[in-house]
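Examination of the molecular architecture
Each chain is listed here by its residues.
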Amino acid sequence: WGLMLILSVAIYGSHAPLLTLCKVDGMIPFSSTSVVVLVELTKLVFSLLFLLAWDRDLLGVTVSWRHVVPFALSALLYAANNNLVVHMQLFMDPSSYQILSNLKIVSTALLYSLFLRQRLSMRKWLALFLLVAAGVSYSCGGLQDPGSPSKMQLHITLVGLLLISVYCLISGLSAVYTEAILKTQALPLSLQNLFLYFFGVLLNLIGYFWSSTEGSFLEGFSFWVLVIVVSQALNGLIMSVVMKHSSNITRLFVISCSILVNALLSITLFNLQLTFLFFVAVSCIGLAVHLYYGVT
């Protein structure tokens, strides 16, 4: 568990720096939909390999459509979420997105408590709000470019505010719904992942052809893009283990702790500097972990 969670923290934290390394003249040279398709396809291949390696006897088992169909909705919610992330950028600046997207911690916790009937104490709710505070603090200026001393300018439209609200709702709903399916079905995780990622590949392929993007499928790809694909696929598999055997709350803490890795890589690769807000964020995370897991 420890190794998996540490690896997941590292992958979450390295995602943004890896995207920066992929940029050419300040622009992302590849199609984001192509990357999502490849990530889903890689997860599907890994799931099939795991099934062949450890659960080969299940290949001849008859599976009811009632086991398979629920994963179509889960994949649809994830696909909608991925597309929202892209479209939201048209109605707000990246800083606004980074700050407001922290609200998905609250939406996930609310839906987790409501649909999975997991009562959270006031102490645990305080811990989760501290995670939100940590994310907002870090997004507001936890890192600073010495060559750009200008203050951050936020811009968001009414449509953008509506889209971020829908994004946070779908983000929480997709995670909690998937956790509910994984836990209620008496099937091994490798087989469940096979169903989920099959629909994921199918829906995202439809989305790719529907968007009718110019250029080839692999246009703009580089070594760092392949690293992103493999790492995101591996992280998705780890998160399925977390949701099957732990909870979405654990996933929220993993995502929040990833700012430590993000900061370390940003300092090393791009010569950014830590600010007071970074230490505020780290303090909030430390206190949140203590309140949620350390106090009995």
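Sequence order sets the numbering: in each chain, residues are counted from 1 along the sequence as written. The predicted nature of this model means local features are confined to residues of pLDDT at least 70 and side-chain atom pairs, given and counted, to a pLDDT of 80 or more, with totals for whole chains, interfaces and linings taken over all residues. In computing side-chain properties, one takes all heavy atoms of the structure into account and sets aside hydrogens as well as water.

1. Side note on the nonpolar core
Core analysis: the biggest nonpolar cluster contains 27 residues, and Leu128, Leu131, Ile249 and Phe253 have the highest contact counts within it. Elements with a contribution of two residues or more to this core: α5 (104-115), α6 (122-141), α10 (248-270) and α11 (276-294). Considering each element in turn, this core owes the most residues, eight residues, to α6. Should any heavy atoms of two residues lie within 4.5 Å, those residues are counted as being in contact. Residues within four places of Phe253 in sequence aside, it is in contact with Leu128, Leu131, Ala288, Val289, Tyr292 and Tyr293. Membership of the second largest hydrophobic core comes to 18 residues, among which are Leu44, Ala75, Leu189 and Leu237. Residue types Ala, Val, Leu, Ile, Met, Phe, Trp, Tyr and Cys, when buried and joined through side-chain atoms within 4.5 Å, form a set referred to as a nonpolar core. Burial classification: accessible surface area is computed with a 1.4 Å probe over protein chains only, and a residue below 20% of its type maximum counts as buried, one above 50% as exposed, and the rest as partly exposed. Runs of H or I in DSSP of at least four residues are treated as helices and runs of E of at least two as strands, each being numbered from the N terminus.

2. Focus on the side chain of Asn235
Along the chain, Asn235 falls in helix α9 (residues 223-245). Accessibility expressed as a relative area gives 3% for Asn235, which makes it buried. Not counting residues up to four positions away in its chain, the partners in contact with Asn235 are Ser8, Ile11 and Tyr12.

3. Some points on the side chain of Ser258
Within the secondary structure, Ser258 sits in helix α10. Contacts of Ser258, omitting those with residues within four sequence positions, involve Val9, Tyr12 and Gly13.

4. A closer look at the pattern of salt bridges
For side chains of opposite charge, pairing can occur when their charged atoms come near one another. Each reported salt bridge corresponds to a side-chain nitrogen of Lys or Arg within 4 Å of a carboxyl oxygen of Asp or Glu. One pass over the structure, following the stated rule, counts two salt bridges. For the salt bridge of Lys183 with Glu179, the shortest nitrogen-to-oxygen distance reads 2.7 Å. Taken together, the residues span about one helical turn, with Lys183 and Glu179 both in helix α7 (residues 158-184) at a distance of four residues. Given a relative accessible area of 38%, Lys183 falls into the partly exposed group. On the basis of relative accessibility, which here comes to 0%, the residue Glu179 falls in the buried class.

5. A word on the packing of aromatic side chains
Here is the rule: rings of Phe, Tyr and Trp (six-membered ring for Trp) pair when centre to centre is within 6.5 Å. Planes less than 30 degrees apart are stacked, more than 60 are edge-to-face, and the remainder are tilted. If you walk through the whole model with that rule in mind, you get 13 aromatic pairs. For the pair Phe71 and Phe195, a centre-to-centre distance of 6.0 Å together with 50° between the ring planes defines the contact as tilted. With a gap of 124 residues between them, Phe71 in helix α3 (residues 65-88) and Phe195 in helix α8 (residues 189-211) connect regions that are remote in the sequence. Owing to a relative accessible area of 0%, Phe71 belongs among the buried residues under this scheme. Taking relative accessible area as the criterion, Phe195 reaches 12% and is therefore assigned buried.

6. What about a nonpolar patch on the surface?
Two joining distances apply to patches: 9 Å for like charges and 5 Å for nonpolar side chains (Val, Leu, Ile, Met, Phe, Trp, Tyr), and every residue must have over 30% relative accessible area and no salt bridge. In these tables, accessible area is a Shrake-Rupley quantity obtained with a 1.4 Å probe, and a residue counts as shielded only by the protein chains included in the view. Together, Leu41, Val45, Leu48, Leu49 and Leu52 make up an exposed nonpolar region whose accessible area comes to about 380 Å². Considering the arrangement of structural elements, one finds Leu49 in helix α2 (residues 32-54).

7. Considering the packing of α6 against α10
Relative to each other, α6 and α10 sit at 30°, their axes nearing to 11 Å. In this view, α6 runs roughly parallel relative to α10, as classed from their interaxial angle. Here α6 runs over α10; the crossing is left-handed. Packed against α6, whose contacting residues are Leu128, Leu131 and Tyr138, the element α10 presents Ile249, Leu252, Phe253, Ser256, Ile259, Asn262 and Ala263 at the interface. Residues belonging to the contact of α6 with α10 are distributed by class as follows: eight nonpolar, two polar and no charged. All axes are obtained by fitting lines to C-alpha atoms, using only the stretch in contact for helices, and the reported angles, taken between N-to-C directions, cover 0 to 180 degrees. Roughly parallel means an angle under 35 degrees; roughly antiparallel means over 145; roughly perpendicular covers 65 to 115; every other angle is labelled oblique. We call a crossing left-handed when the near helix sits turned anticlockwise from the far one by less than a right angle, and right-handed when that turn is clockwise. For this scheme, ten residues count as nonpolar: Ala, Val, Leu, Ile, Met, Phe, Trp, Tyr, Cys and Pro. Four count as charged, namely Asp, Glu, Lys and Arg, and the remainder, Gly too, count as polar.

8. Some thoughts on the packing of α2 against α9
Close contact between α2 and α9 brings their axes to 8 Å; oriented N to C, the two are set at 50°. Classified by the angle between their axes, α2 and α9 sit oblique to one another. For the pair α2 and α9, the sense of crossing is right-handed. In contact with Val35, Leu38, Val39, Thr42, Lys43, Phe46, Ser47 and Phe50 of α2, α9 contributes Val225, Val229, Gln232, Ala233, Gly236 and Leu237. Its residues assigned to classes, the contact of α2 with α9 shows nine nonpolar, four polar and one charged.

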